[in-house]
Amino acid sequence: MRAIIVMFDSLNRRMLPPYGDTRSHAPNFARLAERSVTFDTCYAGSMPCMPARRELHTGRYNFLHRSWGPIEPFDDSMPEMLAKAGVYTHLITDHQHYWEDGGATYHTRYSSHEFFRGQEGDLWKGRVGGQDRSRLTDALSRMHSQDRINRDYLRDEADHPQTLTFDAGLHFLQTNADQQDWMVQIETFDPHEPFFSYDGYHKLFPDDSGNDAFDWPPYGRVTEAPGRVARARNRYLALLAMCDRNLGRVLDLMDAQQMWSDTMLIVCTDHGYMLGERGWWAKSVMPWYDETIHTPLFVWDPRAGFAGERRRSLVQTIDIAPTLLEFFGLPLTPDMQGRPLAPVLASDTPLRAAGLFGSFGGHVSVTDGRYVYMRACAAGNAPLEEHTLMPTHMRSRFEPHELAGAELVGPLSFTKGAPVLRMPGWTLRGPEDYGTLLYDLGMDPAQEVPLDDPALELRMIGLLLDQLRASDAPPGQYARLGLPQTGPAGPEHLLVARQWPQVLAGQRRAATVEDFAPGARIASVPVDRLLADPAARTLLVAALPMLAAPRLPSVLEGKTLLEIAGVLGRPDRPTLDKIEAALSAGSAA
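If you're wondering where the values come from, they're calculated on a predicted model, not measured in any experiment. As a convention, each chain's residues are numbered from 1 in the sequence order in which they are written. pLDDT decides what is reported in this predicted model: residues at 70 or higher carry local features, side-chain atom pairs at 80 or more are listed and counted, and totals for whole chains, interfaces and linings draw on all residues regardless. Side-chain calculation: all heavy atoms of the structure are included, whereas hydrogens and water are not.

## Examining the nonpolar core
To define a nonpolar core, start from buried Ala, Val, Leu, Ile, Met, Phe, Trp, Tyr and Cys residues and group those joined through side-chain atoms within 4.5 Å. The buried label applies to any residue whose accessible area, calculated with a 1.4 Å probe on protein chains only, is under 20% of its type's maximum; exposed applies above 50%, and partly exposed to all values in between. If you look at the biggest cluster of nonpolar residues, it comprises 54 residues, and the most contacted ones within it are Ile-4, Val-6, Phe-8, Phe-29, Leu-173, Leu-265 and Val-267. Strands are runs of DSSP state E lasting at least two residues, helices are runs of H or I lasting at least four, and both sets are numbered from the N terminus onward. Elements with a contribution of two residues or more to this core: strand 1 (2-8), helix 1 (27-35), helix 5 (161-175), strand 7 (182-187), helix 7 (226-256), strand 8 (263-269), strand 10 (281-282) and strand 12 (298-300). The dominant element in this core, judged by the number of residues it contributes, is helix 7, at 15 residues. Any pair of residues with heavy atoms lying within 4.5 Å of one another is described as a contacting pair. Other than its neighbours up to four places away in sequence, Phe-8 contacts Phe-29, Phe-166, Thr-188, Asp-190, Pro-191, Cys-243, Leu-247, Val-267, Cys-268, Thr-269 and Asp-270. Residues Ile-71, Leu-82, Tyr-110 and Val-315 belong to the second largest nonpolar core, which totals 35 residues.

## Description of the side chain of Ser-77
Following the sequence through the fold, Ser-77 ends up in the loop between helix 2 (49-58) and helix 3 (78-84). Residue classification places Ser-77 among the buried residues on the basis of a relative accessible area of 1%. What Ser-77 contacts, discounting residues up to four positions off in sequence, is His-57 and Arg-109.

## Looking at the pairing of strand 7
A regular strand carries its side chains on alternate faces of the sheet. In terms of burial, strand 7 is a largely internal element, six of the six residues being buried. Every second residue of strand 7 is oriented toward a common face, with Trp-182, Val-184 and Ile-186 on one face and Met-183, Gln-185 and Glu-187 on the other, all of them buried. For strand 1 and strand 7, the ladder comprises six bridges, and the chain directions are parallel. Looking at the pairing, Ile-4 lines up with Val-184 of strand 7. At least two bridges found by DSSP between two strands are what make those strands a pair. In this structure, strand 5 (residues 88-93) lies alongside strand 7, joined through six bridges in parallel fashion. Bridged to Leu-91 within strand 7 is Gln-185.

## Considering the pattern of salt bridges
Whenever Lys or Arg places a side-chain nitrogen within 4 Å of a carboxyl oxygen from Asp or Glu, that contact is recorded as a salt bridge. A complete count under the given rule lists 42 salt bridges for this structure. Between Arg-2 and Asp-262 there is a salt bridge, with its nearest N and O atoms 3.2 Å apart. Taken together, the positions of Arg-2 in strand 1 and Asp-262 in the loop between helix 7 and strand 8 put the pair 260 residues apart, joining distant regions of the chain. Each of the two residues, Arg-2 as well as Asp-262, counts as buried.

## Quick notes on the pairing of strand 17 (residues 371-375)
Summarising burial for strand 17: five of the five residues are buried, a large majority. Residues Tyr-371, Tyr-373 and Arg-375 line one face of strand 17 and the alternating positions Val-372 and Met-374 line the opposite face, and both faces are buried. Of the pairings in the sheet, the one linking strand 16 (residues 364-367) to strand 17 comprises four bridges and is antiparallel in character. What sits directly across from Thr-367, in strand 17, is Val-372.

## Section: the packing of helix 5 against helix 7
Interaxial angle, 0 to 180 degrees, is taken between N-to-C directions of lines fitted to C-alpha atoms, where a helix line uses only the stretch in contact. In contact at an axis separation of 10 Å, helix 5 and helix 7 are set at 10° when each is read in the N-to-C sense. If you check the angle between helix 5 and helix 7, you find them roughly parallel. Between helix 5, through Gln-162, Thr-163, Phe-166, Asp-167, Leu-170, Leu-173 and Gln-174, and helix 7, the contact on the second element is made entirely by Leu-239, Met-242, Cys-243, Asn-246, Leu-247, Arg-249, Val-250 and Leu-253. In what follows, roughly perpendicular refers to angles from 65 to 115 degrees, roughly parallel to angles under 35, roughly antiparallel to angles over 145, and oblique to any angle outside these ranges.

## A word on the sheet that holds strand 21 (residues 437-440)
Within the open sheet, the five strands sit side by side as 4-15-16-17-21. Their pairing is mixed. Each edge of the open sheet carries a strand with a single partner, namely strand 4 (46-47) and strand 21. Two strands pair when backbone bridges link them, and strand 17 and strand 21 are joined in this way by four bridges, in the antiparallel orientation. Residue pairing across strands places Val-372 opposite Tyr-439, the latter belonging to strand 21.

## Focus: unusual backbone geometry
Most peptide bonds adopt trans geometry, and most residues besides glycine take a negative phi value. With an omega of 5°, the peptide bond running from Asp-190 to Pro-191 counts as cis. At the junction of Gly-410 and Pro-411, the peptide bond is cis and its omega measures out at 15° in the coordinates. By the secondary structure assignment, Pro-411 is in the loop between strand 19 (407-409) and strand 20 (420-424). Not every positive phi belongs to a glycine, and Glu-120 is a case in point at roughly 45°.

## Focus: the state of the cysteines
Sulfur atoms of two cysteines make up a disulfide when they are within 2.5 Å. In this structure the tally under the stated criterion is zero disulfides. No disulfide involves Cys-49; its sulfur sits 13 Å from the nearest other cysteine sulfur, which is in Cys-268. The class for Cys-49 is buried, based on a relative accessible area of 2%.

## Overview of the sheet that holds strand 3 (residues 42-43)
Taken in spatial order, the three strands line up as 11-3-14 in an open sheet, and their pairing is mixed. What marks the edges here is a single partner per strand, and that holds for strand 11 (294-295) and strand 14 (315-316). Two elements, strand 3 and strand 11, share two bridges in a ladder whose sense is antiparallel. Bridging across to strand 11, Tyr-43 finds its partner in His-294.

## A look at the packing of aromatic side chains
Between rings of Phe, Tyr and Trp, where Trp is taken as its six-membered ring, a pair exists when centres lie within 6.5 Å; planes separated by under 30 degrees are stacked, by over 60 edge-to-face, and by other angles tilted. This structure, assessed with the given rule, holds 19 aromatic pairs. Ring geometry for Tyr-43 versus Phe-357: centroids 5.9 Å apart, planes at 25°, classification stacked. You can see Tyr-43 sitting in strand 3 and its partner Phe-357 sitting in strand 15 (residues 355-359), a full 314 residues away along the chain. According to the relative accessible area criterion, Tyr-43 is buried, its value standing at 1%. For Phe-357, a relative accessible area of 0% gives the class buried. Ring centres of Tyr-98 and Tyr-106 lie 6.3 Å apart, and the angle between their planes is 70°; on these two criteria the pair is classed as edge-to-face. Residues Tyr-98 and Tyr-106 agree in their burial class; the two are buried. In this structure an aromatic cluster arises from ring pairing among Phe-8, Tyr-19, Phe-29, Phe-166 and Phe-298. Look at NZ for Lys and CZ for Arg. If either is within 6 Å of the ring centre and within 35 degrees of the ring normal, a charge sits over the ring. In this structure, Arg-311 packs its charged tip against the face of Phe-306, placed 5.3 Å from the ring centre. Sitting over the ring of Phe-516, Arg-573 keeps its end group 4.9 Å from the ring centre.

Here it is, written out as structure tokens:
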């Protein structure tokens, strides 16, 4: 038996033909649906990128205990378990987070691995000239400058890391078509931003972009005009068409090598992406709305032989590792929360009553497949604590001051007897601004109408508590969320009504450039330039004190005040209007 995982990053299910899209150019995703089972109710769990991959290895949620980080010493690892049982495992990827501090122990769990460089801001080609030497250790600044350098080496589609990843995947399949007992993971970073592809794909989605490619939206609220939003969507669709072409190459080879009779195929993603829906770009900085957490999943199991069918049962990323272990005849470990998909494939037999999802320090959310409950912090986003034996962030080690308060605790129920370091954690943006959210996807699939339904909220709290307790959530999570660690929840634990002002505020869209007169300074002049004028500086610093710093954070450099408001959620619209009026009246230059 053999298995192929084709994994994408930031794949939005709503832009795929099998899930109802009519605009994308994705004939091979439609072809895939004819050759496999399409899952209608698949949810990611631990967010974003590397936490999702940790689930792929462990079959277990992890965001309740720690932030983005490596495989832990006590973690089960599906590819490593397969290898120990004699199943050869191979990873092929262009996903640069694997070779950063926070992902450095994943690829070594496979029997072998191949990397291809150049995606996003991958620190790949060295070019000294033109570098801002004061920003060499600033990851966000380097991402954009490095991406411009990388693109100079990716002028032909044949050179693109996505192409090279699939080239290597096909080579593995051709080389090992006559072999048994292997699993290959062909994983591309696309269609993650930036949406960099080529003219042949751009022509599928023509627009009036001219020199404004706009293929890298910010993480924040939409402040751009509708035409610019459409350009970003077109660039995403173009890159998706490139992904579709390479998926088709895998399907072609499976046809040519007659692999369908004994080879499992899983096509999945880590999470989705927002492209203007409800006024948002990207992921992570807003609640985990449907476009980001409700993911596409296609599975072909040669033992069952079901193709061209759909399944409605609730499944999650944590089920992929158990599915592969069961396929190769290996038992699950006691710490795995996921379950093999075989019963769902066979008869749509449910695996669970509810599924958990979220990110460290954000909402802790639960769904039963129809209703979604996003629990915010009860009062202040604390306590928030890391539990780890691998103290690294995405691109850095933990700082000594972060470790100064560490204490050895445990063991936890899933750490196999090992204690862990517990220390204060942090997150860039917590859930306070949005409040606790409750949605009915049956009546409101676009999640435009949050509910205040005490009876339904209490039922969803019960499902959430079941998930927290099954996950051995740390005591700090119960305190942060305002939930009982033991016993049932009661009316005193309801949060939606108490946080309704935050709920309403969180639904408001940001102002866009079209809300202001042409040439409005807050929408056309970078804040860096405005701050050079003393009168303007006084206005801006009063509205946003962080602008008093000697230098703007790199994420804000070159942005207008309107764009900064989209990223930070402030200043609000009335304040923006006042600043623009003052600037226009000449009280500040």
